[in-house]
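Overview (structure and organization)
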Amino acid sequence: MTAPVRDDPTIVNVALGTRSYDIVIGRGLLASLGARIVALRPGAKAVIVTDENVARYHLDPAEAALRDAGVASSRVIVAAGEASKSYRVFEQVCEAVIASRIERDDLVVALGGGVVGDLAGFAASVVRRGVDYVQVPTTLLADVDSSVGGKTAIDSAHGKNLIGAFHQPILVLADTALLDTLPQREFRAGYAELVKYGLFGDADFFAGLEKNWRDVFAGGPARDHAIAESCRAKAAIVARDERETGDRALLNLGHTFGHALEAACGFSDRLLHGEAISAGMALAFEFSARRQGLLPMAEAQRAIRHLAEVGLPTRLRDIPGPLPSVDQLMDLIAQDKKVKRGMLTFILVRGIGAAFIEAGVDAREVRVFLSEKLAER
């Protein structure tokens, strides 16, 4: 059944001066895509970049929304999955966008999850030295994280998101009805990025999710509310620290461990991004408690317990297949973007909702901790 168009979507503004933009959140918003683009960029053409899975469900309605508003469009479809965030596919997308005869005043529409958003946004940042783009997230992870804030990238053999640019969209259109087609595993993986906002900076939000997470999964009002609250939190941080020189790094809770685990699994379906972040956050809480003495272990276990309750991985033994040695994991951690002058920077916690940035973490402590975790598998 087609989701009804909401007359009162929630609008969250990302305040960046002349580059400010709105995140529009609600059910049934995809039909308004063309009208919203015309309002922002009259006369612009659009190239929709999407993947094979999303195209099956949402490409035709997106194209119809553009056509109904008089917006000429073309399409670029890539394979689904993290492997598309590669040099090869990036080149293909750039060449296809150029072949569509897009001009500087036209735009790219990223219709998909985090992979498509990162890939299409990066292409938009460089084609013709930069064109505008619109994010239309189709996953929970993209709704609350990757579509907001202008971080675009592809992966390197050395690690995740190491080649990219900051390039803000002109609009994020988060139609939460699109999440109804998500496989449960994908939705659950996105929930890891949603609950992150409670774990790093809002204990009350986390407590609400402990009580209402089933309603979030079921698609009731709690889902839209949780997405809006997450977007508000991220928008406020991005407005303060667009290029991640300060507290925006708090959004990376769990990512140093998580990205290393993703790379260890070959950026494959063996470990989805949100699953890696869940395991990474669990490791960050346990490391903060057990190795750093920053919070009681019972408090760390509360966070870990919730992640496990919704079905997310929290232990290395939850990751299928072999993992590399501690030396290899430490090498992957050393490639993390948060390493500064060779020193490890971690997001640690003093409690739920009380994360902080710690530069100069002793690599020996991390090595011992990971050795213990690997031994438990």
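In this text the structure is predicted, and so the values were computed from the model without any measurement.

Topic: the confidence of the model for the protein
The predicted model of the protein has a mean per-residue pLDDT of 95, with 97% of residues at 70 or higher. Segment residues 1-5 is flagged for pLDDT under 50; beyond a separation of four residues in sequence, or across chains, it makes seven contacts in the model.

Quick look at helix α12 (residues 326-334)
Taken together, the buried positions of α12 are occupied by V326, L329, M330 and I333. For α12, the arc enclosing every buried residue in end-on projection is 100°, short of the 170-degree limit, so these residues lie on one face. The inward-facing, buried residues of α12 abut α9 (255-264), β10 (344-349) and α13 (363-375).

Quick look at the packing of aromatic side chains
A complete count under the given rule lists ten aromatic pairs for this structure. For the ring pair Y197 and F200, a centre distance of 5.9 Å and an interplane angle of 55° mean the geometry is tilted. Placement of the pair is Y197 and F200 together in helix α6 (residues 184-201), with a separation of three residues, close to one helical turn. As far as burial versus exposure is concerned, Y197 and F200 are alike and both buried. Ring plane angle 70° and centroid distance 6.3 Å describe the contact between F257 and F287, whose orientation is recorded as edge-to-face. Placement of the pair is F257 in helix α9 and F287 in helix α10 (residues 273-291), with a sequence separation of 30 residues. Like F287, F257 is buried. Above the face of the Y197 ring, K196 is positioned so that its terminal group lies 5.2 Å from the ring centre.

Rules used throughout
- Residues numbered from 1 in each chain as written.
- Predicted model: local features only at pLDDT ≥ 70, side-chain atom pairs only at ≥ 80, totals over all residues.
- Heavy atoms only, no water.
- pLDDT = per-residue confidence, 0-100.
- Contact = heavy atoms within 4.5 Å.
- Buried < 20%, exposed > 50% of the residue type's maximum accessible area, 1.4 Å probe, protein only.
- Helix = DSSP H or I, 4+ residues; strand = E, 2+ residues; numbered from the N terminus.
- Arc of directions from axis to C-beta.
- Phe/Tyr/Trp six-rings, centres within 6.5 Å; stacked < 30°, edge-to-face > 60°.
- Lys NZ or Arg CZ within 6 Å of the ring centre and 35° of its normal.

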